[in-house]
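Residues per chain, in single letters:
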Amino acid sequence: MNFYVLTLFPDMIENAMKESIFGRAMEKKILSLKTVNIRDFTNDKHKHVDDYPYGGGAGMVMQAEPVYNAYQSVLDEITDKEKKPRVIYLTPQGKVFDQKMSEELAQEENLIFLCGHYEGIDERVLEMIVTDNVSIGDYVLTGGELPAMVMMDSISRNIPGVLNNEVSAEFESFHDNLLEYPQYTRPEEFMGKKVPDVLLSGHHANIEKWRREQSLIRTYERRPDLLENAELSKKDIAFLKTLC
Ligand code: 6GU
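Conventions and cut-offs
Residues numbered from 1 in each chain as written. Predicted model: local features only at pLDDT ≥ 70, side-chain atom pairs only at ≥ 80, totals over all residues. Heavy atoms only, no water. Helix = DSSP H or I, 4+ residues; strand = E, 2+ residues; numbered from the N terminus. Rg over C-alpha atoms; globule rule 2.2 N^0.38 Å. Buried < 20%, exposed > 50% of the residue type's maximum accessible area, 1.4 Å probe, protein only. Areas by Shrake-Rupley, 256 points an atom, 1.4 Å probe, with all protein chains shown as cover. Lys, Arg positive; Asp, Glu negative; His and termini not counted. Charge placed at Lys NZ, Arg CZ, Asp CG, Glu CD. Near = heavy atom within 4 Å. Polar contact = N/O pair within 3.5 Å; in protein donor to acceptor, adjacent residues only side chain to side chain. Axes fitted to C-alpha atoms, helices over the stretch in contact; angles between N-to-C directions. Parallel < 35°, antiparallel > 145°, perpendicular 65-115°, else oblique. Left-handed = near helix turned anticlockwise from the far one by under 90°. Contact = heavy atoms within 4.5 Å. Nonpolar A, V, L, I, M, F, W, Y, C, P; charged D, E, K, R; others polar. Salt bridge = Lys/Arg side-chain N within 4 Å of Asp/Glu carboxyl O.

*Asks:* Whenever I open this one, the overall build of the protein confuses me. Can you help?
*Replies:* Secondary structure assignment for the protein yields 10 helices and nine strands. For 244 residues, the compact-globule estimate of 2.2 N^0.38 gives 18 Å, and the C-alpha radius of gyration of the protein, at 23 Å, exceeds that figure by more than 25%. A total of 244 residues make up the protein; the buried ones form 40% of that total. Just so you have it, the protein exposes about 15400 Å², and 50% of that area is on carbon and sulfur atoms. In the protein, which carries 28 positive and 41 negative side-chain charges, the distance between the mean positions of the two groups comes to 5 Å.

Printed below as a string of structure tokens:
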């Protein structure tokens with residue numbers, strides 16, 4: 001998979017994404033990331049990429065031309081000219097990103113992220129190039145870079161080979177809509193607090209049962225809204241009733 005990011009802050013993206021799991025996936029050539037600096041595509045002699053809004057009002061608006069030219073430079077690079085890549089505009093006015101969208105987007109060969117700043121981008125270029133408007137939640141950020149990075153991080157873990165542990169992505173989607181159970185590692189006792197006995201017992205069926213119940217307790221206490229879409233067995237439902 002190839003990620004392209006149109007941005008005024010390419011260093012911010014590159015510095016963050018070269019670390020950790022995403023960075024290793026790039027080294028392994030499982031995925032690639034290319035940032036395109038929108039400022040490199042202005043014909044303005046002062047390299048301005050923004051101007052005052054028609055009709056007046058606060059703030060500045062990113063101009064259509066450099067955004068369009070930056071986008072075109074990515075199209076020129078993509079070999080598969082038949083299939084137009086999806087262009088994701090990061091905006092608080094978009095559809096809210098979730099795990100389902102993440103898994104869907106992981107199927108794409110190429111993804112272009114468009115990061116806005118200031119008060120937004122000239123509507124005309126958005127109409128021409130954007131296929132998906134996406135938000136990462138109901139709060140306002142200063143630009144689209146962090147949302148683009150959040151999305152790329154999440155999408156990358158759905159791409160085969162990116163996670164060390166092949167099982168773990170599968171495992172999680174099986175547990176869809178339930179929060180994960182708590183984890184423990186050595187030592188057995190930390191500042192007087194012991195690891196739950198069942199985890200030291202070696203009794204796999206009991207461990208599975210305990211973990212399932214912990215997931216149910218957590219979800220009930222912290223994210224009860226998720227339970228509506230969780231796949232619950234009769235046993236699960238009986239256990240949840242004991243919590244009420
Ligand atoms: Cl995608 N962009 C901005 N600027 N703010 C946001 C957002 C995106 N998602 C939530 N807040």
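*Asks:* Please clarify how the site of the ligand should be interpreted in this entry.
*Replies:* Residues in contact with the ligand, as listed here, are Leu90, Thr91, Pro92, Val134, Ser135, Ile136, Gly137, Tyr139, Leu141, Gly143 and Pro147. Here Ile136 contributes a backbone N or O atom positioned 3.0 Å from a nitrogen atom of the ligand. Here the ligand loses 96% of its free accessible area of 290 Å² to cover by the protein chains. Mapped by element, the contributors of at least two residues to the shell around the ligand are strand S5 (86–96) and strand S7 (132–135). In terms of residue count, the dominant contributor to the shell around the ligand is S5 (three residues).

*Asks:* What is the right way to read the packing of helix H1 (residues 10–17) against helix H6 (residues 145–156) from this model?
*Replies:* Packed helices, taken two at a time, are described by the angle between their axes plus the distance between the axes. The geometry of H1 relative to H6 is characterised by a closest axis approach of 10 Å and an angle of 30 degrees between their N-to-C directions. Taken together, the axis directions place H1 and H6 in an arrangement best described as roughly parallel. For H1 against H6, the interelement crossing comes out right-handed. Along the contact surface, H1 presents Met12, Ile13, Ala16 and Met17, while H6 presents Glu145, Leu146, Met149, Met152 and Asp153. Residue composition of the contact of H1 with H6, by class: seven nonpolar, no polar and two charged.

*Asks:* Would you mind showing me how to read the pattern of salt bridges here?
*Replies:* Two side chains that carry opposite charge are able to pair once their charged atoms sit near each other. For the structure on display, the rule yields 10 salt bridges. For Asp132, the salt bridge identified is with Arg86, shortest N-O distance 2.9 Å. Taken together, the residues span a long stretch of sequence, with Asp132 in strand S7 and Arg86 in strand S5 at a distance of 46 residues. Connected through salt bridges with shared partners, the residues Lys83, Arg86, Glu108 and Asp132 form a single ionic network.

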